[in-house]
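Examination of the molecular architecture
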Amino acid sequence: MKHSVHNAVVVFFGAALLVGCRRDPALIEARIDALFVLDLPPGAPLVSVPADAPMTQAAVELGKALFFDPRLSRNGTISCASCHFPDHAFSDTMAFSRGIEGQLGMRNAPTLANVAYHPYFFRDGGVPDLERQVIAPILDPVEMDHDLMLAAAAVNTDPAYRALSQLVYGRAIDPFVLTRAIATYERTLISGWSRYDRFVYRGELGALTAQEQNGMALFNSEELNCTGCHNGFDLSDHSLQNIGQYLEYADPGRERITVDPADNGKFKVPTLRNIALTAPYMHDGAMSSLSQVIDHFASGGLAHPNRSAEMSSFAITAEEKADLIAFLNSLTDEQSIDQVR
Amino acid sequence: MRMNFSRSIFLLTLASGLLAMPGCKPDPVEPDPPPTPPVSTTGTLRIQVQPTWDGAPFALNTVYHNVSNYRVKVEMLKFYLGNMRLIAGTDTVLVKDVALFDAANGPLMVQGSVEQGTWTGFIAGLGVPMALNDADPIVYSPGHPLSLSNGTYWSWATAYRFVMFDGRFDTDPAGTLAPAQLMSIHTGLNAMYREFELPLANGLTITAGNTTTLTLEMAVDAFFYSPTDTIDLAVDNQSHGDNAPLATMLTNNVVHSLSVQ
C-alpha cells in the first residue's frame, strides 16, 4: 500500500513536470482566460455584464482587435474605429461620419465613453443592448455594408482570433462572437479620470481652478438647469429630449422608432464627459463649438411642440460663459479610457 | 467448515425449491400485450400564398398597370406572416409562429401540424409578432425565417421589416421603355404589426395523417389601393422607417389584398 502511494506521487509529479515542459498552447491560453480586472474610477457605478458575454481578459482582447479590424466591412476599409477615434473619446470629428466608399452616415457618431451605463443605444434609443448595437454598423449600407456571416468568416481566418474565440466562447468566430466580444470591449471604456472627478469624487480641492469652480456652480445652478438632464456619474440621465434645435427636424429622432409624432425631434441626452474632445455637437453635428451650444441653450431653443420642459432661456454674461466652458473642459479624462494597453 | 458447507447445501436446496414453486402454478402467466402505437390525431396544414395581379398569377419583373394607370414592375416582394392559426368557435390551434415569404423563391408555402377537425377561420399577423421581433436575431441560423442572412432585419431599430416591396414605375401608361423611377416601400416596427382574420366559409377539414392545403390569394395589384387608401407612386414611393404614413397605407392595403381562394 505504501508503495502504491509512493508510486502514484512519483507518477503525478513526473506528469506535472512533463506538462510544465510541454508548453501546451491550451495551458498558455488558460493563463490569460482570467476575468478582466476593470479599473473603475471613484464614483463609477458597477458595470453589469450579460451572462453570455463574460468580461474575461481574452474576450476584451478579442473585442478590441475586432473593433479595430477593417475586415468587418465589405471591402475591408472600415472598422468601428474609423468613426470612433480613441483620441477623441471614441467619437468622430466630422458632423457625419464617412463610411464605406466615402458615403456619409445620417447622424453624428457619439462618444463610446461609459456606454456600459446606457439603457439603450443610438441617438434615438432604438437599440436595447450593446450586443445588438454592434450589428447595425456592420449591416448598414453606408457604414460597413457587410453580411454578418461573411464578416465573421473574414476574421475567422486569423488563428489568434480563433484561439481567443474558442477560449472565451468555445466556438469559432461567428455573428454571436462578433457581437459579444466587441460589446465586451466597449463596456470597458469607462470615463471618470478627469480633474472634475478628482475634485468631486476624490476631494482634491485644488484639482479645479477658481474659474472652473465658478463654471461648475453655474452648471449646477437652477437658472441654467444643465443638471435637469446632465446629471449623475455620466453627466447624462440618458433620457430622450427635444431641445428645440429645429422647428422641423429632417431627422425624426425617436419618432423613427415609436412612430409617435410626440417623439419627433427627441434624441438621447449625451454624456458631457470629454465634451472638449467630441465636437461637433448635437445629433447632426450642427454646432462646432461649445460656445454655440451654450448660446442655443441660453436661448431656450425653438418653440417645437415637443420641446422639453427642461428647456428655458437664461441670461449669461461673456465671463460666465467662459467660466462654464472652462468647467466643461475640465471633464476631459487625464488618461486614456481604453484599459487594454 | 464442514458445517458451513452443509448449510450452504441446505440453503441452495431451499432456494431451488422456492424457485420451482411458481413453476407448479397451474395458470399460465399472460404475456403483456404489445404496446399499441399511439393513434395520430393530427394532420398537416400547408399554407400557400398565391400572388396575383388582376386575378391572374403574378410574376416579379413583369410590367403591369396599377390602379393609377402607371406602369409598375415589382422587383422584390418579401413579407412575414406571424402567429398563423386556425380557429373553430373558441378552439384555436397554432400552425406556425412565423414564416418569411419571398416571391423570388418560387411557391410561397409553409406547413405545420394541426389537430384533426373542421376549422372555420384563419388568423395571422402581417409581420413578426412582438416577442420574436424584439428578440436577439443572432441566435438564428441561416435558413431560419428570422436569420439575419435573409436581409430583412432593420438593425437600427432591432426589428424586422414586415413587408419589402421594391420595384420601378413609369407614370406614362403608354410608355415603351422599361419603367425607371424607383419605388421602395418597407414596413416594420411593432406598431405596424396587423392581425387579420379570414373566414373559411365552408370549413377546412383536417384529417389525421393527411395534408390539407389552404391557399391564400394575395392580390398584389391591391397593394396600391383599399377602400380607404390609394398609394400614388408619383407622390410617395419611398419608406424605410422614415415615412410612417406610406408604410401604414401599404400595411393596410396588403392586409386587404388577402383572401381565401
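Residues numbered from 1 in each chain as written. Chains lettered and ligands numbered in written order. Predicted model: local features only at pLDDT ≥ 70, side-chain atom pairs only at ≥ 80, totals over all residues. Heavy atoms only, no water.

Moving on: the overall build of chain A. The helix and strand inventory of chain A stands at 12 helices and 2 strands. For chain A, the succession of helices and strands along the chain, N to C, is α-α-α-α-α-α-α-α-α-β-α-β-α-α. The buried share among the 341 residues of chain A stands at 52%. Nonlocal contacts in chain A, meaning residues at least 24 apart in sequence, comprise 66% of its contacts between residues at least 6 apart. Summed over all atoms, the accessible surface of chain A reaches about 15400 Å², with 59% contributed by carbon and sulfur. (Helix = DSSP H or I, 4+ residues; strand = E, 2+ residues; numbered from the N terminus. Buried < 20%, exposed > 50% of the residue type's maximum accessible area, 1.4 Å probe, protein only. Contact = heavy atoms within 4.5 Å. Areas by Shrake-Rupley, 256 points an atom, 1.4 Å probe, with all protein chains shown as cover.)

Along its length, chain B carries 3 helices and 14 strands. Scored against the burial criterion, the 261 residues of chain B give a buried share of 46%. A total accessible area of about 13300 Å² is found for chain B, and carbon and sulfur atoms account for 57% of it.

Taken together, the 18 residues of chain A in the interface contact 19 residues of chain B. Approximately 1500 Å² of surface area, both sides summed, lies buried where chain A meets chain B, with 66% of it carried by carbon and sulfur atoms. When the buried area of chain A at its contact with chain B is split by residue, A:R132, A:R256 and A:V259 rank highest and sum to 40% of it. At the boundary of chain A and chain B, one finds 1 salt bridge. Two residues, B:D136 and A:R180, come together in a salt bridge whose shortest N-O distance is 2.8 Å. (Buried area = accessible area lost by both parts, 1.4 Å probe. Salt bridge = Lys/Arg side-chain N within 4 Å of Asp/Glu carboxyl O.)

Using the criterion set out here, one finds 22 aromatic pairs over all chains in the structure. Geometrically, the ring pair formed by A:F219 and A:F327 is tilted, given 5.2 Å between the ring centres and 45° between the ring planes. Taken together, the residues span a long stretch of sequence, with A:F219 in helix α9 (residues 210-219) and A:F327 in helix α12 (residues 318-329) at a distance of 108 residues. Relative to B:Y64, the ring of B:F58 lies with its centre 5.7 Å away and its plane at 25°, an arrangement referred to as stacked. B:Y64 carries the same exposure label as B:F58, and that label is buried. These aromatic residues form a ring-pair network of at least three members: B:W53, B:F58, B:Y64, B:F165, B:F223 and B:F224. Here the basic side chain of A:R256 rests over the ring of B:W156, its NZ or CZ set 3.6 Å away from the ring centre. Lying over the aromatic face of A:F233, A:R273 brings its terminal NZ or CZ to 4.4 Å of the ring centre. (Phe/Tyr/Trp six-rings, centres within 6.5 Å; stacked < 30°, edge-to-face > 60°. Lys NZ or Arg CZ within 6 Å of the ring centre and 35° of its normal.)

Residues and elements named next belong to chain A. Structurally, H230 can be placed in the loop between α9 and β1 (240-241). Within the structure, the side chain of H230 is placed 3.1 Å from the backbone oxygen of L235, a separation counted as a polar contact. One polar contact links the side chain of H230 to the main-chain carbonyl oxygen of P270, over a distance of 3.2 Å. Residues within four places of H230 in sequence aside, it is in contact with F219, L235, S236, V269, P270 and L272. (Polar contact = N/O pair within 3.5 Å; in protein donor to acceptor, adjacent residues only side chain to side chain.)

Turning our eyes to something else, we now look at the nonpolar core. Burial of nonpolar side chains together is a common tendency in soluble globular proteins. Residues A:L178, B:L77, B:F79, B:L86, B:F122 and B:F165 are the most contacted members of the largest nonpolar core, which totals 116 residues. Residues within four places of B:F122 in sequence aside, it is in contact with B:I47, B:M84, B:R85, B:L86, B:F196, B:E197, B:L198, B:L200, B:L214 and B:L216. Judged by nonpolar contacts, the second largest core, of 26 residues, contains A:M216, A:L218, A:C226 and A:L328. (Core = buried A, V, L, I, M, F, W, Y, C linked by side-chain atoms within 4.5 Å.)

Side-chain positions along a regular strand alternate between the two faces of the sheet. All names here are of chain B. Note that strand β1 (residues 42-53) and strand β12 (residues 211-219) share 9 bridges and pair parallel. Across the sheet, I47 pairs through a bridge with L214, a residue of β12. With 3 bridges joining them, β12 and strand β14 (residues 258-260) adopt antiparallel strand pairing. Following the sheet pairing, E217 is matched in β14 by S259. (Pairing = 2+ DSSP bridges.)

Once that is clear, we can look at helix α4 (residues 130-139) of chain A. Counted residue by residue, α4(A) has 10 buried out of 10 residues, so it is predominantly covered. The inward-facing, buried residues of α4(A) contact α5 (148-156) and α7 (175-187) of chain A together with β8 (153-154) of chain B.

A few words now on the packing of helix α11 (residues 290-299) of chain A against α12(A). All names here are of chain A. In contact at an axis separation of 10 Å, α11 and α12 are set at 120° when each is read in the N-to-C sense. In terms of their interaxial angle, α11 and α12 are classed as oblique. Between α11 and α12 lies a crossing whose hand is right-handed. Each of L290, S291, I294 and D295 in α11 lies in contact with α12, whose residues at this interface are K321, L324, I325, L328 and N329. In terms of residue class, the contact of α11 with α12 is built from 5 nonpolar, 2 polar and 2 charged. (Axes fitted to C-alpha atoms, helices over the stretch in contact; angles between N-to-C directions. Parallel < 35°, antiparallel > 145°, perpendicular 65-115°, else oblique. Left-handed = near helix turned anticlockwise from the far one by under 90°. Nonpolar A, V, L, I, M, F, W, Y, C, P; charged D, E, K, R; others polar.)

Residues and elements named next belong to chain A. Of note, R123 is situated in the loop between α3 (57-67) and α4. Here R123 occupies a buried position and makes no salt bridge, while the nearest side chain of opposite charge, D251, is found at 8.1 Å. Reaching out from R123, the side chain makes a polar contact with the side chain of N108 at a distance of 2.9 Å. Setting aside residues up to four positions removed in sequence, R123 forms contacts with R107, N108, A109, P110, L240, F267, K268, P270, M282 and H283. (Lys, Arg positive; Asp, Glu negative; His and termini not counted.)

For the rest of this paragraph, the subject is the environment of A:N156. All names here are of chain A. Structurally, the position occupied by N156 is in helix α5. Expressed as a C-alpha distance, the spacing of N156 and D174, which sit 18 residues apart in the sequence, is 7.9 Å. Ignoring anything within four residues of it in the chain, the contact list for N156 reads R162, A172 and I173.

Bringing the pattern of salt bridges into the picture now. Scanning the entire structure with this criterion turns up 22 salt bridges over all chains. Across the pair A:D263 and A:K266 runs a salt bridge whose closest N-O atoms are separated by 3.6 Å. One network of salt bridges, in which partners are shared, links A:D52, A:R180 and B:D136.

Looking now at the confidence of the model for chain B. For chain B, per-residue confidence averages 89 on the pLDDT scale, and 89% of positions sit at 70 or higher. Considering each helix and strand of chain B separately, the mean pLDDT is smallest for helix α1 (residues 2-23) of chain B, with a value of 47, and largest for strand β9 (residues 159-170) of chain B, with 98. (pLDDT = per-residue confidence, 0-100.)

Two cysteines, two sulfur atoms, one covalent bond between them: this is a disulfide. Residue and element names in this part refer to chain A. By the definition in use, this model includes 0 disulfides over all chains. Free cysteine: C80, not disulfide-bonded; nearest cysteine sulfur from C83 at 8.8 Å. With no disulfide of its own, C226 has C229 as its nearest cysteine by sulfur position, at a separation of 9.7 Å. (Disulfide = S-S within 2.5 Å.)

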